[in-house]
Amino acid sequence: MSSYVGVLVSDPWLQSQFTQVELRTLKSKFVSNKTQLGRFTIGDLPPVFAKLKAFNGTFDEDEIKSILDKSHSNVDEEVDFETFLRAFLSVQTRGVEKSGGSKGSSSFLKTSTTTVHHAINESEKASYVSHINNYLRDDPFLKSYLPINPATNAFFDLVKDGVLLCKLINVAVPGTIDERAINTKKTLNPWERNENLTLGLNSAKAIGCTVVNIGTQDIAEGRPYLVLGLISQIIKIQLLADLNFKKTPSLFELVDDTQDAEELMGLAPEKVLLKWMNFHLKKAGYEKQVTNFSSDVKDGEAYAYLLNALAPEHSSHVALETKDPTERAKKVLEQAEKLDCKRYISPKDIVDGSANLNLAFVAQIFHNRNGLTVDSSKTSFAEMMTDDVETSREERCFRLWINSLGTATYVNNVFEDLRNGWVLLEVLDKVSPGSVNWKHANKPPIKMPFKKVENCNEVVKIGKELRFSLVNVAGNDIVQGNKKLLLALLWQLMRYTMLQLLKNLRSHSQGKEITDADILNWANRKVKRGGRDSQAESFRDKNLSTGLFFLELLSAVEPRVVNWSLVTNGETEEDKKLNATYTISVARKLGCSIFLLPEDIIEVNQKMMLILTASIMYWSLQQQSDTESTVSEDAADEGDANSVTGEISNLSIDGASESSPTAQDQELVTEADKDEDEVDGENNKDA
């Protein structure tokens, strides 16, 4: 694995308008069109830009031509990459003007990152720095660098090597990263730094961060708005970690019946926090409804009522009697300080309506004193709402995977958020572009049940077109929230996505379909060629529980990535867990975007074993494909038409027919059929 070098542009201003992810995407479009056309001119840009997702639904080809005609008088002017970028910016600027502002998005990191000046909120920066100083001050490695002075840019310099990012993720969700996999020394080379940043970004995805349009190079450059956006998500996940029924069963006090409990489970954590806040405010006699953490709390009244209700021993009417908002905010924080709840906010932040900092403030109040009691009459809700361990783990995996795709809708609960079919259509459009006819889709909010069924029927129809196993499945089954069926559908979606990625890497050679058995055989061959003895008989092989096979596979594709002095023989449960945790972190450090847990390896979860192996295979073949592309370009320059196929073309199994899947291929596919057979049996029994 070589150290990563980003796409560089000679004009610093132009470079600053794009993230590395955007530059790589646009560079790829530019190179492919220039290669195809030979001479690439301004006149060739409209059809190219019209196909870009950035302008899809905003401009058609003629409108783009009209925009470019105004900024480029000569349509025959040949286009280099910087001209291509400037033309892109001119069209995007018109798009922003047309929509009345920057593109809306459900995530800080999804907002448009071009042509817009990104001002840094100094209050938020100071708050996040304070959080880091507080939680990481005793870290053996970072303590020599802390505390960070929020008045300087030292924070952005410290985050560049990835160590702080990885450590903060472990504070937010303990155990996410095996810290033995982090490269920690005073001076890191570019290779080691890139490994840390790759580990950090993949782990951020694995705890629920939406990492869109950001790459390792962006963090290495210390881009303030991207760094703060990512750090704010990590801290938010930590602060809202207790806002669920598993961590805080007393939340059932907020609901009256099972239906209310189901609705509460489907809410985003910040919505649960609002519901909790309004629950106490209503009891305290506050007549208004708080619907956000900005305009609804900026006068400080709601906070005064809330703190009086939660901490009557510190209650005071001084804050309510104070007319000036800033003075009232000061009184509120004086009262909050008695509960150790002042870390994230200042009076000015309250008055200015800083949404992120107000949310952090309320979350801290909840954490320190939620004012809820465990009602024994409602413990039955908790029992009814609890899924079995395997179901919970699969729900978590699929939820994180969906959110990593960059869909417009953020999923908080798979079993609730997917029932209207809209998110499933978004996922299908991501994994199989063009498969969804959006004219037939009903966009949320959807009040009429039959509209939800229409969306889900469309999902089933597309699934069948993609050859998913959906026998006797109808859209209404999804609307009704059949968990087993939904997990079976999502598994097929995830598996299809991975197999398509692998197939696309082979498009320059034989173009054969990749099968589960191909993946297993590839892994066994890799390990054997690496001089190791481990072999996996199937993705159910109990020997996989030690984690040794996967560590040997990772070492085979990149010898330097595994530190064998840290690896155990995997004989005890504790040793297995150490190996499993290390395996996941090493795979993410390498570049694999995976969402499994150590328990999935220890228990040999067949589905997750396939995805883990396929992810390692994808990374390995991607490196080879990049190398082959370079070799092919060099060969083309010399007039050599020979193509390099290498290992990718040798993936098919000896004697296996492409049209006839082997028993190994069927193993995982038939599992969904079994789930559906059980569902059919239940339906027949009801009938």
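- You'll find the protein entered in an unreviewed UniProt entry as Fimbrin-5, with Cardamine amara subsp. amara given as the organism.
- Of the protein, the UniProt comment under Subcellular location (unreviewed entry) reads exactly: "Cytoplasm, Cytoskeleton".
- A UniProt comment under Subunit (unreviewed entry) is attached to the protein, and it reads "Interacts with F-actin."

## Section: the confidence of the model for the protein
- Here the protein averages 84 in pLDDT, and 83% of its residues register 70 or above.
- Contacts from residues 1-5, a stretch scored under 50 in pLDDT, to residues over four places away or in other chains number 12 contacts.
- Contacts for the low-pLDDT stretch residues 633-667, under 50 throughout, to residues beyond four places or in other chains number 56 contacts.

## Quick look at the packing of aromatic side chains
- This structure, assessed with the given rule, holds 16 aromatic pairs.
- Arranged with centres 5.0 Å apart and planes meeting at 85 degrees, the rings of Tyr303 and Phe361 form a pair that is edge-to-face. Separated by 58 residues along the polypeptide, Tyr303 in helix 14 (residues 301-310) and Phe361 in helix 18 (residues 355-368) bring together distant segments of the chain. Residue Tyr303 shares its accessibility class with Phe361, and that shared class is buried.
- Pairing Phe468 with Tyr496 gives two aromatic rings, centres 5.7 Å apart and planes at 70 degrees, and the pair type is edge-to-face. Of this pair, Phe468 sits in the loop between helix 23 (449-465) and helix 24 (475-479) while Tyr496 sits in helix 25 (residues 483-505), and the two are 28 residues apart along the sequence. Residues Phe468 and Tyr496 agree in their burial class; the two are buried.
- Each residue in the set Phe30, Phe40, Phe49, Phe81, Phe84 and Phe88 is aromatic and connected to the rest through ring pairs, giving one cluster.
- The ring of Phe81 is capped by Lys27, whose NZ or CZ atom sits 4.6 Å from the centre of that ring.
- Above the plane of the ring of Trp564 lies Arg532, whose end atom (NZ or CZ) is 4.2 Å from the centre.

## Topic: the packing of helix 26 (residues 516-529) against helix 27 (residues 548-557)
- Their axes nearest at 8 Å, the elements helix 26 and helix 27 cross at an angle of 70 degrees. Between helix 26 and helix 27, the angle falls in the class roughly perpendicular. Taken together, the residues of helix 27 that come into contact with helix 26 (itself represented by Trp522, Ala523, Asn524, Lys526 and Val527) are Phe549, Glu552, Leu553, Ala556 and Val557.
- In the contact of helix 26 with helix 27, the residues fall into 7 nonpolar, 1 polar and 2 charged.

## Examining the side chain of Asp600
- Inspection of the secondary structure assignment puts Asp600 in helix 29 (residues 598-602).
- Of note is the side chain of Asp600, whose polar atom sits 3.1 Å from the side chain of Arg393.

About the criteria used
- Residues numbered from 1 in each chain as written.
- Predicted model: local features only at pLDDT ≥ 70, side-chain atom pairs only at ≥ 80, totals over all residues.
- Heavy atoms only, no water.
- UniProt positions renumbered as here; feature names shortened; annotations may be inferred.
- pLDDT = per-residue confidence, 0-100.
- Contact = heavy atoms within 4.5 Å.
- Phe/Tyr/Trp six-rings, centres within 6.5 Å; stacked < 30°, edge-to-face > 60°.
- Helix = DSSP H or I, 4+ residues; strand = E, 2+ residues; numbered from the N terminus.
- Buried < 20%, exposed > 50% of the residue type's maximum accessible area, 1.4 Å probe, protein only.
- Lys NZ or Arg CZ within 6 Å of the ring centre and 35° of its normal.
- Axes fitted to C-alpha atoms, helices over the stretch in contact; angles between N-to-C directions.
- Parallel < 35°, antiparallel > 145°, perpendicular 65-115°, else oblique.
- Nonpolar A, V, L, I, M, F, W, Y, C, P; charged D, E, K, R; others polar.
- Polar contact = N/O pair within 3.5 Å; in protein donor to acceptor, adjacent residues only side chain to side chain.

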